[in-house]
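Given next are the chains, with one letter for each unit.
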Amino acid sequence: MSSENPTQSPGRKPRVAVVFGGRSSEHAISVVTAGAVLRAIDRTKYDVLPIGITQDGRWALTTDDPERMAITGRTLPSVDRLAESPEGEVVLPVAPANREIVYAEPGSVPKALGEVDVVFPMLHGPYGEDGTLQGMLELAGIPYVGAGVLASAVGQDKEYMKRIFISYGLSVGPYEVIRPREWDNDREAARRKVLDFADEHGWPLFVKPARAGSSIGITKVDDASGLDEAIEEARRHDPKILVEALLRGREIECGVLEFEDGPRASVPAEIPPVEAHSFYDFEAKYIDSAAGIVPAPLTDEQTRRVQELAVQAFDAVSCEGLVRADFFLTEDGEFVINEINTMPGFTPISMYPRMWQESGVTYPELVDRLLQAALRRSTGLR
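Here's a quick rundown of the structure. This structure is a prediction, so every number in the text was calculated from the model and none was measured.

Thresholds applied
Residues numbered from 1 in each chain as written. Predicted model: local features only at pLDDT ≥ 70, side-chain atom pairs only at ≥ 80, totals over all residues. Heavy atoms only, no water. 1 Å grid on protein atoms, 1.4 Å probe; cavity = no way out; pocket = protein on both sides within 12 Å on 5 of 7 lines; lining within 4 Å. Points joined across faces, edges and corners; volume = space filled by probe spheres on them. Helix = DSSP H or I, 4+ residues; strand = E, 2+ residues; numbered from the N terminus. Nonpolar A, V, L, I, M, F, W, Y, C, P; charged D, E, K, R; others polar. Core = buried A, V, L, I, M, F, W, Y, C linked by side-chain atoms within 4.5 Å. Buried < 20%, exposed > 50% of the residue type's maximum accessible area, 1.4 Å probe, protein only. Contact = heavy atoms within 4.5 Å. Pairing = 2+ DSSP bridges. Axes fitted to C-alpha atoms, helices over the stretch in contact; angles between N-to-C directions. Salt bridge = Lys/Arg side-chain N within 4 Å of Asp/Glu carboxyl O.

### Some remarks on empty space enclosed by the protein
Rolled over the atoms, a probe sized like a water molecule indicates the empty space that remains.
Then step 1. Considering all chains together, one arrives at three cavities of 30 Å³ or more under this definition.
Then step 2. Considered as a void within the structure, the largest cavity measures approximately 90 Å³ in volume.
Then step 3. Lining the largest cavity we find 13 residues, and of these Gly-155, Lys-158, Ala-212, Gly-213 and Asn-341 sit closest to its centre.
Then step 4. Counting residues per element, the ones that place at least two in the lining of the largest cavity are helix H4 (149–156), helix H5 (158–167) and strand E17 (335–341).
Then step 5. Ranked by the residues each element gives to the lining of the largest cavity, the list is headed by E17, at three residues.
Then step 6. Broken down by class, the residue content of the lining of the largest cavity amounts to three nonpolar, six polar and four charged.
Then step 7. Approximately 60 Å³ is the volume found for the second largest cavity.
Then step 8. Lining the second largest cavity are Pro-121, Leu-123, Gly-128, Glu-129, Gln-134, Val-145, Gly-146, Ala-147, Ser-152, Thr-342 and Met-343.
Then step 9. Taken together, the residues that form the lining of the second largest cavity break down as five nonpolar, five polar and one charged.

Quick look at the structure:
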């Protein structure tokens, strides 16, 4: 059963709550992304309410100042530094008939901030991109940008993402999963599981958190001596880890965007090797500003094929709004899907908006399309 979006008051602009920050290790990147989105939203068309979630989970009213949300040198921003009060809390409604946002500070009478028509959740990682926030918004009956509960959860968990891709006939690379109880109960058996995987597929391996992004917590492991340290580093971000074999080939990305007539793919991009980094890690992405090549130097047939596969991945996971699909183009000419990101970065150097810019959709138009797609959808089953 779905609930229709209530009709706005005549003459009132749609009100957008941009929610960012969060409890995951991708907190700072979420803040940076939100700053770029706040800068791009057409204020003549939308009213905007910025809401930050601190790393301890407090929902805070924040300054609407994108300049303070950028990376400065090697210093990352945080919601705590942007919050208007160190104790004030924003409270979202829990009943579909009420979209009134309330702000409360200790010792003060709660203050109504008005209704919200749509939420733009600029959260990355657990507790925001993984279906948890989406479920809360479904209960409240508030439309939101991006994937629903199931697609968000699957898009966050790389194990089940790969399982679904395989079931839809998409090619994925070799991988192994180490679950929390395996490592906690019998480390030697878990270690042997990875070593057997290495015997079959060779070194190096990539050890990563199963439910994280922005290349956080990933280690390239060249031999068995570095395995335990890599597992512990991944487990700092997620108790479930993924081990992947090295795929030799080119890294190709493709954006998918929901249009009125269905999802369409952007021109693809290529992530070239970065000399100072052994792979495209967090520092290469966000600190050292490694630049992708847009559009990717592919043949017309390769471009068509990767666009087709990106849309297939979008549909396989029942995505909505947007997706960035990441592939390897192997030495034998096959596209192997690595993962999708249901809320890709929107920082100034992020690949998703760059690919759509090259495809003829400007950054402000991209933001507007996502908001309009969210406003068209109902909440609930659809």
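After that view of the structure, there is still more to cover.
### Remarks on the nonpolar core
Then step 1. Membership of the largest hydrophobic core comes to 36 residues, with the highest contact counts inside it found for Val-18, Phe-20, Phe-120, Met-122 and Phe-346.
Then step 2. At seven residues, helix H12 (residues 363–376) tops the list of elements feeding residues into this core.
Then step 3. The residues contacting Val-18, other than those within four sequence positions of it, are Ala-34, Leu-38, Ile-41, Val-48, Leu-49, Pro-50, Ile-51, Phe-120 and Met-122.
Then step 4. In this structure, Val-311, Ala-313, Phe-314 and Phe-327 belong to the second largest nonpolar core, which totals 27 residues.

### Considerations on the sheet that holds strand E12 (residues 241–245)
Then step 1. The four strands are arranged E9-E12-E10-E11 in an open sheet whose pairing can be described as antiparallel. Of all strands in the sheet, those bounded by a partner on one side alone are strand E9 (175–178) and strand E11 (219–221). Neighbouring strand axes in the sheet, compared pairwise and without regard to direction, differ in orientation by 25 degrees on average.
Then step 2. With five bridges joining them, strand E10 (residues 205–209) and E12 adopt antiparallel strand pairing. Paired with Leu-205 across the two strands is Ala-245, which belongs to E12.

### So, the pattern of salt bridges
Then step 1. Summed over all chains, the structure comprises 34 salt bridges.
Then step 2. Across the pair Glu-308 and Arg-305 runs a salt bridge, and its minimum N-O distance is 2.3 Å. With a gap of three residues between them, Glu-308 and Arg-305 both fall in helix H10 (residues 300–316), about one helical turn apart.
Then step 3. Several salt bridges converge on common partners, so that one network encompasses Glu-138, Glu-258, Glu-320, Arg-377 and Arg-382.

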